Amino acid sequence: MRFALPSSIWMGFYYAFFFGVFGILLPFWALWLKGEGISTEMIGSMLAFALVARSAGALLLTRNLVSTTSLLTRVQRLTLTAMVAFSGFYLIENVYAIFLLVILTNFIFSPLMALGETIGAKLVRYNNMDYGRVRLWGSIGFMLSSALTGFLVEEFNHKIILLSIIVGLGILFLLTITPAKNMPEGGTATSKPSSGILTILKRPAFWPFLAITSLLQGAHAAYYGFGAVYWQDIGISETYIGYFWSVGVAGEIFFLAFGKRFFGNVSIAMMFVIAAAGSVLRWTTLGYAVDVTPIMLSQLLHGVTFGVAHLASMRYMSERVSEEDAVATQAIYAALPFSLAIAILTFVSGLFYPIVKADIFIYMALAVLPVFLIARSKHISFIK
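Residues numbered from 1 in each chain as written. Predicted model: local features only at pLDDT ≥ 70, side-chain atom pairs only at ≥ 80, totals over all residues. Heavy atoms only, no water.

1. Overview of the pattern of salt bridges
Move 1: A full pass over the atoms with the stated rule returns four salt bridges.
Move 2: For the salt bridge of K34 with D233, the shortest nitrogen-to-oxygen distance reads 3.7 Å. With K34 in helix α1 (residues 7–35) and D233 in helix α10 (residues 221–233), the pair connects residues that are 199 residues apart, well separated along the chain.
Move 3: Residue K34 is classed as partly exposed on the basis of its relative accessible area, which comes to 34%.
Move 4: The class of D233 is partly exposed, set by a relative accessible area of 42%. (Salt bridge = Lys/Arg side-chain N within 4 Å of Asp/Glu carboxyl O. Helix = DSSP H or I, 4+ residues; strand = E, 2+ residues; numbered from the N terminus. Buried < 20%, exposed > 50% of the residue type's maximum accessible area, 1.4 Å probe, protein only.)

Here it is as C-alpha cells:
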C-alpha cells in the first residue's frame, strides 16, 4: 500500500510550509530589495504592484476549480513555477527587470493561499476538521521561519533571504506531490455551478464584509511593507526584528487554537469590532514606541488584528457562502482584502514613509475607524 498522510496532517503541513515561505517573504523581502541597492520609494512601488499582481493571480489562476483533484494539481504546478521564478532573481541586476520579476513571482505565488484555504474549507465541511487547530500550524511555520531568517540575515547577509524562499518552495512542492488519505472530492455535492466572481461582487450583502476585511487587512500595509525597514532605521537589530514578527504570530496562534472557545457564542460582527479595537491600539503603539519592550508587547495584538479578523472571515465564508461559491469567494478574499487593499495602502505608505516615518502607523490606525460603524450597522446580513 502506497504511503499517504492523513488529510488533516497533510493540511497542517501545507499551512506550515506555505506560511513558512510567507514568513520569509513578508517581513524580509523589503530588506532583500534594500540590500540590492533599491531605494525606499522604489521598494514601495514594487511592493504595491506586487500586491496588485497577487490580486490578479488570486482571481485569474483559481477559476473553474471545484474538485479537490483539480485544486491539488493547480497547487503543484504553481508551487514548482514559483520556485523557478524566484530563482530568476539570481540572473538579473537591472532594477526594472527586478521590478517585473517581483510582479511575476507574486502573481504566481498568491493563489497558493486561496487554493489551500479552499482545500481546508472542504476538510472542515466533509471531514469535520477543526480549522483553527490545523491552521495554527501555518502560524507556527511563519513564526519559526521569520525568527530563523532574522538570525541568518544578521549572521550572513541579505542574500540568504532569497535562498531561503527557494528552499522553502522546494519543500512545499515535495509536500504537494505527497498523497493524502480521505481527501474529500466534493464533486457530487457541488452539482450547482459557481455563481462566478462578478455575480458574487454584485450582491449588496457581500459588500459590508468586503469593506470591513479590506480595511482591517489593508491597515497592516505599513507594518508588512516598512515595519522591518523602520525598526532597522531606529537601530533595532535584524535578530530582534525576526523576534517581533515571531511574537506577533505567537499571539495569532493563541487565538487560532482557542478561537472556538472564546468566540463560539460571539457574533461575526462583534469579532470584527474586537479586531478593529485591537488595530487602533496596536498601530498607535507602533507609531510612538522606539524601545524593544513596548514593540514586543504590541506585537501580541497581531492575534487580534489579524487572527480574530481572519477567524471571523472564515466563519462568514463557511456559514454564509454556499459550497459551489467557496472557491470564488476565497479568491475574492485573497484578491481584494489580502492583496489589493494592502497594495493601495502599501503604495501610499511608500510615498509618505520617507516624510512621516513612524506616523505612518498612526494613519493605519485611522484607516480602521470606519469598521466600527459598518460592523454595528443593523442593515448588514452577517450580524444575524
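More follows now that the structure is in view.
2. Thoughts on the packing of α1 against helix α7 (residues 160–176)
Move 1: Running from N to C, α1 and α7 cross one another at 165°; their axes reach a closest spacing of 9 Å. Between α1 and α7, the angle falls in the class roughly antiparallel. The interaxial crossing formed by α1 with α7 has left-handed handedness. Residues W10, F13, Y14, F17, F18, V21, I24, L25, F28, W29, L31 and W32 of α1 lie in contact with α7, whose contacting residues are I161, L162, S164, I165, G168, L169, I171, L172, L175 and T176. (Axes fitted to C-alpha atoms, helices over the stretch in contact; angles between N-to-C directions. Parallel < 35°, antiparallel > 145°, perpendicular 65-115°, else oblique. Left-handed = near helix turned anticlockwise from the far one by under 90°. Contact = heavy atoms within 4.5 Å.)

3. Description of empty space enclosed by the protein
Move 1: Going through the model one piece at a time under the given rule, you end up with two cavities of 30 Å³ or more.
Move 2: The volume enclosed by the largest cavity comes to roughly 440 Å³.
Move 3: F22, L26, R54, F142 and Y224 are, among the 33 residues lining the largest cavity, the residues nearest its centre.
Move 4: Contributions of two or more residues to the lining of the largest cavity are made by α1, α2 (40–60), α4 (95–109), α6 (131–155), α10, α11 (238–263), α14 (302–320) and α15 (326–356).
Move 5: Per element, the largest residue contribution to the lining of the largest cavity is seven residues, and it comes from α1.
Move 6: Residue classes in the lining of the largest cavity are distributed as 21 nonpolar, nine polar and three charged.
Move 7: Its boundaries defined by the atoms lining it, the second largest cavity holds a volume of some 40 Å³.
Move 8: Taken together, M113, A114, E117, H310, Q330, Y333, A334 and F338 make up the full set of residues lining the second largest cavity.
Move 9: Secondary structure elements with two or more residues in the lining of the second largest cavity: α5 (111–127) and α15.
Move 10: Examining the composition of the lining of the second largest cavity, we find that four residues originate from one element, α15, more than from any other.
Move 11: In the lining of the second largest cavity, the residues fall into five nonpolar, two polar and one charged. (1 Å grid on protein atoms, 1.4 Å probe; cavity = no way out; pocket = protein on both sides within 12 Å on 5 of 7 lines; lining within 4 Å. Points joined across faces, edges and corners; volume = space filled by probe spheres on them. Nonpolar A, V, L, I, M, F, W, Y, C, P; charged D, E, K, R; others polar.)

4. What about the layout of surface pockets?
Move 1: Put simply, the largest pocket is a space of about 620 Å³.
Move 2: Residue lining of the largest pocket: 27 residues in total, with V124, Y131, K260, R315 and S318 positioned closest to the centre.
Move 3: Secondary structure elements with two or more residues in the lining of the largest pocket: α5, α6, α11, α14 and α15.
Move 4: Classifying every residue of the lining of the largest pocket gives 14 nonpolar, six polar and seven charged.

5. What about the environment of L104?
Move 1: By the element assignment, L104 lies in helix α4.
Move 2: In sequence terms L104 and L78 are 26 residues apart; their C-alpha atoms lie 12 Å from each other.

6. A look at the nonpolar core
Move 1: Formed by 134 residues in total, the largest nonpolar core has its most connected members in W29, L33, I161 and W231.
Move 2: With 17 residues, the single largest contributor to this core is α1. (Core = buried A, V, L, I, M, F, W, Y, C linked by side-chain atoms within 4.5 Å.)

7. Remarks on the packing of aromatic side chains
Move 1: One pass over the full model with this rule turns up 37 aromatic pairs.
Move 2: Seen in terms of ring centroids, Y15 and Y131 are 6.3 Å apart; in terms of plane orientation they differ by 85°. Their pairing is edge-to-face. Of this pair, Y15 sits in helix α1 while Y131 sits in helix α6; the two residues are 116 residues apart in sequence, bridging distant segments of the chain.
Move 3: Its relative accessible area of 1% is what places Y15 among the buried residues.
Move 4: Among the residues examined, Y131 registers a relative accessible area of 9% and is labelled buried.
Move 5: A centroid spacing of 5.0 Å and a plane angle of 85° characterise the contact between Y333 and F338, whose relative ring orientation is edge-to-face.
Move 6: The buried category is assigned to F338, whose relative accessible area is 11%. (Phe/Tyr/Trp six-rings, centres within 6.5 Å; stacked < 30°, edge-to-face > 60°.)

8. Remarks on the environment of R135
Move 1: As for its placement among the helices and strands, R135 is situated in helix α6.
Move 2: C-alpha of R135 to C-alpha of G120: the two residues are 15 residues apart in sequence and 8.5 Å apart in space.
Move 3: Not counting the four nearest positions on each side in its chain, R135 is found in contact with Y15, F19, E117, E252, L256, F306 and H310.

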